[in-house]
Amino acid sequence: MSRFYVYAILGEAPATPLGSGISAEPLTLLTSSDLVAAVGVMDEPPVATREAVLGHDAVVRRLAEGSTAILPTRFGMVHEASALVDWLATAADGLRDALRLVAGREQMTLHVFEVEGAVEDAAVEAPEAADAATGPGARYLTERRRQRREGALPELAPLRSRLNSLIAAERIERRTTPPFRASVYHLVERGRSAAYRDAVESHRDLVRGVRLRVSGPWAPYAFAPEAVA
Amino acid sequence: MSPRRAPTEALLDEADASLLDLVDNVLTKGVIIDGEVMLGLAGVDLVYLRLTAILCAADRIKKYLG
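Residues numbered from 1 in each chain as written. Chains lettered and ligands numbered in written order. Predicted model: local features only at pLDDT ≥ 70, side-chain atom pairs only at ≥ 80, totals over all residues.

### Looking at the pairing of strand β3 (residues 35-41) of chain A
Residue and element names in this part refer to chain A. The cut-off we apply is this: Exposed residues have 12 or fewer other C-beta atoms within 10 Å of their own C-beta, buried residues have 20 or more, and residues in between are partly exposed; the C-beta atoms are placed from the backbone. Helical segments are the DSSP runs of H or I of at least four residues, strand segments are the runs of E of at least two, and each set is numbered from the N terminus. Only strands joined by at least two bridges in the DSSP assignment are considered to pair.
Summarising burial for β3: six of the seven residues are buried, a large majority. Across six bridges, the pairing between strand β1 (residues 3-10) and β3 is antiparallel. If you follow isoleucine 9 over to β3, its bridge partner there is alanine 37. Sheet topology places strand β2 (residues 27-32) next to β3; six bridges connect them, and they run antiparallel. Bridging across to β3, leucine 27 finds its partner in glycine 40. Following β2, the chain reverses through two residues before pairing antiparallel with β3; serine 33 in that reversal takes a positive phi of roughly 60°.

### Some words on helix α2 (residues 81-90) of chain A
All names here are of chain A. Using the following cut-off: The reported arc concerns the directions from the helix axis to the C-beta atoms and nothing else. We call two residues in contact when their backbone-placed C-beta atoms lie within 7 Å.
Along α2, the residues classified as buried are Leu84, Trp87 and Leu88. All buried residues of α2 project into a common sector of 100° when viewed along the axis, lining one side. Looking at α2, the residues exposed on the side facing more than 90 degrees away from the buried face are Ser82 and Ala89. Taken together, the buried residues of α2 touch β1, β2, β3, β5 (78-80) and α3 (92-102).

### Regarding the sheet that holds strand β7 (residues 167-177) of chain A
Residue and element names in this part refer to chain A. Let me state the cut-off plainly: Axis definition: a line fit to C-alpha positions, over the contact stretch in the case of helices; interaxial angles, taken between N-to-C directions, run 0 to 180 degrees.
Spatial strand order, β7-β8-β6-β9: four strands in an open sheet with antiparallel pairing. Looking at the sheet topology across the chains shown, the edges are occupied by β7 and β9 (210-218). Strand-to-strand twist in this sheet, taken as the mean axis angle between neighbours without regard to direction, amounts to 20°. In this structure, β7 lies alongside strand β8 (residues 180-189), joined through eight bridges in antiparallel fashion. Its bridge partner lying in β8, glutamate 170 is registered against histidine 186. Contacts between helix α7 (residues 193-203) and the sheet are confined to β6 (105-114), β8 and β9, with β9 contributing the most and set at about 175° to the helix.

### Looking at the domain arrangement of chain A
All names here are of chain A. Let me state the cut-off plainly: Domain extents, as shown, originate in an automatic or database domain assignment.
Domains assigned within chain A are domain 1 (3-102) and domain 2 (105-120 + 152-228). Of note, the centres of domain 1 and domain 2, computed from C-alpha atoms alone, are 27 Å apart. Opposite the twelve residues of domain 1 that make contact, domain 2 presents eleven residues. Among the elements that make up the side of domain 1 that touches domain 2, the one with the highest residue count is α3 (five residues).

See the structure below:
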């Protein structure tokens, strides 16, 4: 029985030619109700070479160009057709919700790094003794520390307020190896990535204590896993 | 004077940044089908790849992706 490598879940058949996959296999579509999986025949998961990973993303980007809504799959997913169709039916509700979220949108990423010796950042790491104090400064620090623990990245607040009109959804992934502190994934309307970059560059100086690097646009990889969570 | 930049940060601002973003997105994000978490990546397990991506050790990633 044939097995299929899965590139993406779509809300409709792409309007553009499917083309071929990372092993030059012709792409085809498996459907379950209103959900579509873009797949190529492949017996075994591919080796994760640089070319294969780049190829996966290239296929996803091409499919995205012809589709309103796309949920990229993670590299290396190979399944039998019957199992895929069964999974599509089982995960349908979550997939539809996620497809609605990403429809007409793409992903931008802000990588956040601590700046060594930043005064404000050091203040956030103030000793726990501040919790016992009652002054406004101590309360401020306590609140900042709470926000940081919860992943809210308060340093980004001034920038976020400038990006709000561009952002449809946000996901934050904490990093645990200083100075890499977090990656913030934003969903923006397709075609607005340049405006997003411009907004970040224009207001970069508002962000203190961290350094930012912008990446994108990407297909909405970071907003796909929740589809089946 | 500009703040001194850590090696990890410098690494991500250079040519390997695009590769690391690729690893971050394609290998550690995206829909996981049917709860599958470990992939047949020719002996390179996903946990290692993920840790490597998070640690931004591009030189170690390139050993596998280069």
